[in-house]
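What follows is the residue order along each chain.
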Amino acid sequence: MKHPDDDNELFNRLEAEMATDSKGDVVDLDKARSARTESADNTPDASPDSTPDRSADSKPTESADSETGESDDSGPALVDRPAPTRSGPGLIDRIRDSKRLDIIPVWMKSGAEFKDAMGWLAGHVWHTIAFHAVRVPFLYMPKLIWRSPSGLVNALGRIGRWAVDAEGEPLRQAEARRENSELYLKLSRQRDRRVRLRMLLTFLGGLSALVVGLFLVFGAALMTQVIAAAVAVLTLGWLGAPADAPLATRAVIKTEVQKLTSDIVVKAMASIGIGQIASAVAKGQDGIRFVAPITREGPGWRADIDLPLGVTVADVADRRARLASGLRRPLGCVWPDADPNEHEGRLILWVGDRDLSKTGTVKWALANVRKHDIFKRVPFGIDPRGRAQSVPMIQHNILVGSLPGQGKTASVRVLACGAALDPSVELWLHENKGTGDLDSLECVSHRFVSGIDDDSIRYAADSLKLLREEVMRRAAAIKKLPRDLCPDKRVTRAIADKRSLKLWPLVGVFDECQNLFAHPKYGKQAGDDAEFIIKLGRALGVILVLATQRPDKDSLPTGISGNVSIRFALKVAGQVENDMILGTSAYKNGVRATSFRPEIDAGNGYLAGATALPVVVRTAYLDDPATNAIAQRALALRKAEGTLSGHALGEDTESTSGPSYDLLADVAAVVPPSEKRVWNERIAARLAELRPEVYGGWKGENVTSALKPHGIKTTGVAGTTDDGERTTRRGIVRDDLTKAIAERDENRGAA
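The rules behind these values
- Residues numbered from 1 in each chain as written.
- Predicted model: local features only at pLDDT ≥ 70, side-chain atom pairs only at ≥ 80, totals over all residues.
- Heavy atoms only, no water.
- Helix = DSSP H or I, 4+ residues; strand = E, 2+ residues; numbered from the N terminus.
- Buried < 20%, exposed > 50% of the residue type's maximum accessible area, 1.4 Å probe, protein only.
- Contact = heavy atoms within 4.5 Å.
- Phe/Tyr/Trp six-rings, centres within 6.5 Å; stacked < 30°, edge-to-face > 60°.
- Lys NZ or Arg CZ within 6 Å of the ring centre and 35° of its normal.
- Pairing = 2+ DSSP bridges.
- Axes fitted to C-alpha atoms, helices over the stretch in contact; angles between N-to-C directions.
- Salt bridge = Lys/Arg side-chain N within 4 Å of Asp/Glu carboxyl O.
- Patch = residues over 30% accessible without salt bridge, like charges linked within 9 Å, V, L, I, M, F, W, Y side chains within 5 Å.
- Areas by Shrake-Rupley, 256 points an atom, 1.4 Å probe, with all protein chains shown as cover.
- Parallel < 35°, antiparallel > 145°, perpendicular 65-115°, else oblique.
- Nonpolar A, V, L, I, M, F, W, Y, C, P; charged D, E, K, R; others polar.
- Left-handed = near helix turned anticlockwise from the far one by under 90°.
- Lys, Arg positive; Asp, Glu negative; His and termini not counted.
- Charge placed at Lys NZ, Arg CZ, Asp CG, Glu CD.

Caption draft 1: Region of interest: the overall build of the protein chain. Counting secondary structure elements, the protein chain contains 25 helices and 18 strands. Expressed as a percentage of its 751 residues, the buried residues of the protein chain come to 39%. Taking contacts inside the protein chain between residues at least 6 apart in sequence as the whole, the part at least 24 apart equals 66%.

Caption draft 2: Layout of unusual backbone geometry. In this structure, Arg328 is a non-glycine residue whose phi angle is positive, near 60 degrees. Following the sequence through the fold, Arg328 ends up in the loop between helix H12 (320-327) and strand S4 (334-338). Given a relative accessible area of 66%, Arg328 falls into the exposed group.

Caption draft 3: Region of the structure containing the packing of aromatic side chains. In total, this model carries two aromatic pairs according to the counting rule given. Look at Phe380 and Phe568: their rings are 5.0 Å apart centre to centre, the planes differ by 85 degrees, and that puts the pair in the edge-to-face class. Linking Phe380 in strand S6 (residues 378-382) with Phe568 in strand S13 (residues 566-569), this pair joins segments that are 188 residues apart in sequence. In this arrangement the basic side chain of Arg320 is found over the ring face of Trp335, its NZ or CZ atom lying 4.0 Å from the centre. In this arrangement the basic side chain of Arg447 is found over the ring face of Tyr459, its NZ or CZ atom lying 4.1 Å from the centre.

Caption draft 4: Looking closely at the sheet that holds strand S16 (residues 677-679). Pairing is antiparallel across the open sheet formed by three strands, whose spatial order is S16-S18-S17. Looking at strand neighbours, the two that pair on one side only are S16 and strand S17 (715-720), the edges of this open sheet. Between one strand axis and the next, the sheet turns by 60 degrees as a mean value, whatever way the strands run. As judged from the three bridges shared by S16 and strand S18 (residues 726-733), these two strands associate in the antiparallel manner. Bridge pairing in S18 links Arg677 to Val733. Those strands touched by helix H22 (residues 680-690) are S16, S17 and S18, and its axis lies near 75 degrees from that of S16.

Caption draft 5: Expanded view of the pattern of salt bridges. Applying the stated criterion across every chain, the model contains 36 salt bridges. The closest approach of N and O atoms between Asp304 and Arg302, which form a salt bridge, is 2.8 Å. One exposure class covers both Asp304 and Arg302, and it is buried. It is possible to trace a salt-bridge network through shared partners that takes in Asp165, Glu167, Glu169, Arg172, Arg194 and Arg198.

Caption draft 6: Region of interest: a nonpolar patch on the surface. Taken together, the side chains of Ile103, Ile104, Met108, Phe114, Met118, Trp120, Leu121, Val125, Trp126 and Ile129 make up a nonpolar region of the molecular surface, amounting to roughly 1,100 Å² of accessible area. Considering every element that reaches the nonpolar patch, the biggest residue donor is helix H5 (residues 111-163), with seven residues. Position of Trp120 relative to the elements: it lies in helix H5.

Caption draft 7: Summary view of the side chain of Thr721. Along the chain, Thr721 turns up in the loop between S17 and S18. With relative accessibility at 14%, the residue Thr721 sits in the buried group. Thr721 has contacts with Trp679, Arg682, Thr727 and Arg729, leaving out every residue within four places of it along the chain.

Caption draft 8: Main features of the packing of helix H9 (residues 262-270) against helix H10 (residues 275-282). Contact geometry of H9 with H10 gives a least axis separation of 8 Å together with a crossing angle of 125 degrees. The angle between H9 and H10 places the two elements in the oblique class. Residues Val266, Met269 and Ala270 of H9 lie in contact with H10, whose contacting residues are Ile277, Ala278 and Val281. In the contact of H9 with H10, the residues fall into six nonpolar, no polar and no charged.

Caption draft 9: Fine view of the packing of helix H14 (residues 454-480) against helix H17 (residues 523-536). Between H14 and H17, the least distance of the axes is 9 Å, while the angle of their chain directions is 35 degrees. The chirality of how H14 crosses H17 is left-handed. Seen from H14, the contacting residues are Ala461, Leu464, Lys465, Leu467, Arg468, Val471 and Met472; seen from H17, they are Gln525, Ala526, Asp528, Asp529, Ala530, Phe532, Ile533 and Leu536. Residue classes in the contact of H14 with H17 are distributed as 10 nonpolar, one polar and four charged.

Caption draft 10: Spotlight on a positive patch on the surface. Among the surface-exposed residues, Lys186, Arg189, Arg193 and Arg196 lie close enough to one another that they form a single positively charged patch. Inspection of the secondary structure puts Arg193 in helix H7 (residues 181-218).

Caption draft 11: Layout of the sheet that holds strand S10 (residues 445-450). Spatially, the 10 strands line up as an open sheet ordered S7-S6-S15-S14-S13-S8-S12-S11-S9-S10, and their pairing is mixed. Taken across any chain shown, the strands that pair with only one partner, and hence form the sheet edges, are strand S7 (388-391) and S10. Neighbouring strand axes in the sheet, compared pairwise and without regard to direction, differ in orientation by 25 degrees on average. Summarising the sheet, strand S14 (residues 604-608) and strand S15 (residues 615-619) pair through four bridges and their orientation is antiparallel. What sits directly across from Tyr606, in S15, is Val616. Packing of H14 onto the sheet brings it into contact with strand S9 (426-431), S10, strand S11 (506-511) and strand S12 (542-548), and relative to S10 it is tilted by some 155 degrees.

Caption draft 12: Representation of the environment of Pro598. Within the element layout of this structure, Pro598 appears in the loop between helix H19 (575-582) and S14. Residue classification places Pro598 among the exposed positions, given a relative accessible area of 52%. Between the C-alpha atom of Pro598 and that of Leu570, which follows or precedes it by 28 residues, the distance is 9.6 Å. Residues in contact with Pro598, not counting those within four places in the same chain, are Gln406 and Lys571.

Caption draft 13: Examining the pairing of strand S5 (residues 346-352) more closely. The element S5 is extensively covered by neighbouring structure, given that seven of its seven residues are classed as buried. Of the two faces of S5, the one lined by Arg346, Ile348, Trp350 and Gly352 and the one lined by Leu347, Leu349 and Val351 are each fully buried. When strand S3 (residues 300-306) meets S5, the two strands line up antiparallel, connected through seven bridges. Bridge pairing links Gly300 to Gly352 in S5. Judged from the five bridges that link them, S4 and S5 form a sheet pairing that is antiparallel. Pairing of Pro336 across the sheet is with Leu349, part of S5.

Caption draft 14: Representation of the pairing of S3 in the model. A large share of S3 lies buried, amounting to seven of its seven residues. Of the two faces of S3, both are covered, the one formed by Gly300, Arg302, Asp304 and Asp306 as well as the one formed by Trp301, Ala303 and Ile305. With two bridges connecting them, strand S1 (residues 289-290) and S3 associate as antiparallel partners. Residue pairing across strands places Phe290 opposite Ile305, the latter belonging to S3. Two elements, strand S2 (residues 295-296) and S3, share two bridges in a ladder whose sense is antiparallel. By the bridge assignment for S3, Thr295 is matched with Arg302. Linking S2 to S3, which pair antiparallel, is a turn of three residues; within it Gly298 sits at a positive phi near 65 degrees.

This is the structure in structure tokens:
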């Protein structure tokens, strides 16, 4: 309940203020309140400290203090002070808060970027040298020889014209036409003096050339003659080159790109349909303010812009296609971004020299690296400015989504390979499309399945059930660890390296997870398990990487899409799919994966959660041979450190519901002890007859790749074909198979 004294206090204070302004006149309080409210919406034009003149010849200037009964037609009260006052931080504070530019460019401080830059420069120089070196004997030399007669004629003609002073003839003829006899005679005498001297020099030069020529022909050694002839021919060929036909062609054709200027940016910004900017430009103003000079940044130009009041970066990003049209640049060259260190109206406009989709295949930074630590960020790709972008995996879960054919599985392959290069990581790979995109990594996987059938889906669902149990086991184990070893109650590198704790990183990859979560029998429980793992497994070293091409509420439960911390969206169909992957309101905030062009922008997507603001990334690409090479390095690392487990050792892990077969046992069954050596193609045919649902379609190379993780190498085996022809083909030795089975059984017994 309001206290009566509150009204009295407010009334007394307002009465005192009104009395001060009106010099003691009684003021109607209700009218004063109304007038003050109205004055807040008006433009001030008078000082509040001025004394009103109430004479009959003067008009009232007060809006709030008009007398009772008079119409309030006075001007509004001035809110701001008439004279500016100094406020805000002082000189030292302003200097302290100013932004300092890097003394050394960022690319020089980064070892990887510096190495890439130097590598590109070395490649550019080598390409130029090799380009011309190849053409010297086959193109440039024949050209010079062909042009040498013309060069001889040109040289003699130039000497003759110089000797007779032909360059002065037009001037003498001009004076003759003007009948200026005095000047003409002076020019003629000058010409006579020149010709006498030049003819003498020409005669002496010709005589010297003749002597040298006779010496070279009759007195010089053969090598000297050859060198002299070559120099003469090449020199004459150079002199005989037409002006419009240069001898050498360019090794590199430089792409000319229009420089980004403030005029171009202002005109482009005025054309995108933002009223505040367009109206200002129409009045002869810029509408925007450049807070720093337009500079070169990477393979493009950067402009830092303050937008008009009330206009945000999202408003500009929403009109990116119009902005690209206004700049007359391809859509893939124009990237408006926000500055996370400034206000919402600070725009960083980056305009590239070429379309991001035309930068070619991005080389993965770890493609040739022997080993990687998953507790460090995994290189993922580059942004439009050519800067390397990476993804943290520890303590994160990752969601990748796009339309089919946009590079989703290739993105997952990069992350899986990054995890595989850490021998302490336990990989659980589930490729529920059945095309074998992750088959190269099967040799290092604790659990692995590739298929879209019900058995494969059930195998993936069982994996999530096992992961849920593993999360609960790890939670109990972490709780028991002493504080000095685990102060933050989360898995660290030191804890992961203690194999006895069994808390090493565990990465579960589920490609085409919509086939799992939308399954009528296993989908609901799988979704619940995945949500549980995402919420609790983050600090326990359990990482989920989910990829889907159908991001809707049925195929991707909202509990999953709402809790993953890192998201990567390539081309998607609409706003709903965009926000399902990138998070609620992403589309409204201008982060729109719908703007990518189908197929053209394959591999380009918005990465959110790995950086302060979502950033466009072109992912690195690993083809099957490159992935296989990485998998073999990962296999060698795991063998050396003894971290191979589960499927990689041919073991049946807990609750395995996928294809239940033993490859080594099946091979042993189809290769009798009497057959010491056998071709792989015959093994493939026998396996297909034994289990057509498993080995159907296998060929010799499939047997080779399947047996390689078990240490069974192929060799040349001599044999007889069905036609009776003796030949040698790739095969195995049965003793190697027997040895591999014995070693596996021994390891199982030790475990």
